[in-house]
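Geometric and topological summary
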Amino acid sequence: YSSVIKEYKYQPLTHPELKKTGVSVLMLEEMANLTIFSRNGARILHANIDIKGSENIIIRNLAFDELWEWDEETEGNYDRNDWDYMTIESESTNIWIDHCTFYKAYDGVIDIKNPSTSRTSNVTISWCQFLPGSKDGCFDVMMNEIKANPDQYPYYGHMRDDLGMTEEQIYAYAYGQKTTHLLGQSDDASNAANIRATFANNYYKDSMDRMPR
């Protein structure tokens, strides 16, 4: 399965549980007419799904969780790990994400980028929930680790000591999702005009940026 499931190129640096499990990527590359569906709402943990050059893909009734850690490497800019729950790219089209639940991610939650220059990339995200934190305490494990070992987390110390934030304020700031969706790989990517994205009946809680308008 090495061509489909592999170790993500950026591995965890700070989260005690993720450092044990590692982070993986599921590659759906040049696939067509594929449905990934859970009758019981199964969870996918510690993984990114990367959809490249594929069409007619349905992902339905899944929950995605535990893909976040405290960012010391880039001092809270969350630029190093590049972990998204889902990346739809490289001319993929007719992708439908339906009735899925997404908890806090390190980078984006669902990013859509690099569409075809000659045809539209049609993506629908419907009846999904985008929630803060994590379901079973993965977020709290990270925050408790920081509080127990503050000297190992200079950025946390800067927020607490230099900015005067309380532990509760830092927790609340980290709890929400920083960036939710990305449409187009850059501000000057002309092919981003070929993205056709439909967002229908979704629920967002404590998402800070890159939201549908």
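About the criteria used
- Residues numbered from 1 in each chain as written.
- Predicted model: local features only at pLDDT ≥ 70, side-chain atom pairs only at ≥ 80, totals over all residues.
- Heavy atoms only, no water.
- Pairing = 2+ DSSP bridges.
- Helix = DSSP H or I, 4+ residues; strand = E, 2+ residues; numbered from the N terminus.
- Axes fitted to C-alpha atoms, helices over the stretch in contact; angles between N-to-C directions.
- Core = buried A, V, L, I, M, F, W, Y, C linked by side-chain atoms within 4.5 Å.
- Buried < 20%, exposed > 50% of the residue type's maximum accessible area, 1.4 Å probe, protein only.
- Contact = heavy atoms within 4.5 Å.
- Salt bridge = Lys/Arg side-chain N within 4 Å of Asp/Glu carboxyl O.
- 1 Å grid on protein atoms, 1.4 Å probe; cavity = no way out; pocket = protein on both sides within 12 Å on 5 of 7 lines; lining within 4 Å.
- Points joined across faces, edges and corners; volume = space filled by probe spheres on them.
- Nonpolar A, V, L, I, M, F, W, Y, C, P; charged D, E, K, R; others polar.
- Polar contact = N/O pair within 3.5 Å; in protein donor to acceptor, adjacent residues only side chain to side chain.

1. Examining the sheet that holds strand β5 (residues 47-52)
Taken in spatial order, the 6 strands make up an open sheet running β1-β2-β5-β8-β11-β15, and their pairing is mixed. Either end of the sheet is taken by a strand with one partner, and the two such strands are β1 (5-7) and β15 (181-183). Strand after strand, the sheet turns through a mean of 15° between neighbouring axes, direction not considered. Note that strand β8 (residues 86-89) and strand β11 (residues 110-112) share 3 bridges and pair parallel. Pairing of threonine 87 across the sheet is with aspartate 111, part of β11.

2. Details of the nonpolar core
Ile59, Trp70, Met86, Ile97 and Phe102 are the most contacted members of the largest nonpolar core, which totals 47 residues. In terms of residues, this core owes the most to one element, helix α2 (residues 138-148), which gives 4 residues. Apart from residues lying up to four places away in sequence, phenylalanine 102 is in contact with Phe64, Tyr85, Met86, Ile97, Val109, Ile110, Cys128, Gln129, Phe130 and Leu131.

3. With respect to the pattern of salt bridges
A complete count under the given rule lists 6 salt bridges for this structure. Two residues, arginine 119 and glutamate 55, come together in a salt bridge whose shortest N-O distance is 3.8 Å. Of this pair, arginine 119 sits in the loop between β11 and β12 (121-126) while glutamate 55 sits in strand β6 (residues 55-60), placing them 64 residues apart in sequence. The partner of arginine 160 in a salt bridge is aspartate 161, and the shortest N-O contact between them spans 3.0 Å.

4. Here we look at empty space enclosed by the protein
Per the stated rule, a full pass over the model turns up 2 cavities of 30 Å³ or more. Counted as a void, the largest cavity has a volume near 50 Å³. In terms of lining, the largest cavity is formed by Asp65, Glu66, Leu67, Trp68, Lys104, Gly133, Ser134, Cys138 and Phe139. Taken together, the residues of the lining of the largest cavity sort by class into 4 nonpolar, 2 polar and 3 charged. As a volume, the second largest cavity reaches approximately 30 Å³. Looking at the second largest cavity, the residues that line it are Phe102, Tyr103, Val109, Phe130, Leu131, Gln177, Thr180 and Ser207.

5. Here we look at the pairing of β5
When you tally the buried positions in β5, you get 5 out of 6 residues, the bulk of the element. Here strand β2 (residues 24-29) runs beside β5; their pairing, made up of 6 bridges, is parallel. If you follow glutamate 29 over to β5, its bridge partner there is lysine 52. Where β5 and β8 come together, 4 bridges link them in parallel fashion. Residue isoleucine 51 lies in a different strand from β8, and its bridge partner there is isoleucine 88.

6. Regarding the side chain of serine 126
Residue position: serine 126 is located in strand β12. Since its relative accessible area comes to 5%, serine 126 is described here as buried. Of the polar contacts made by the side chain of serine 126, one reaches the side chain of tryptophan 96; its length is 2.8 Å. At 2.7 Å, the side chain of serine 126 forms a polar contact with the side chain of aspartate 98.

Everything listed here is a matter of coordinates, which is why it stays silent on function.
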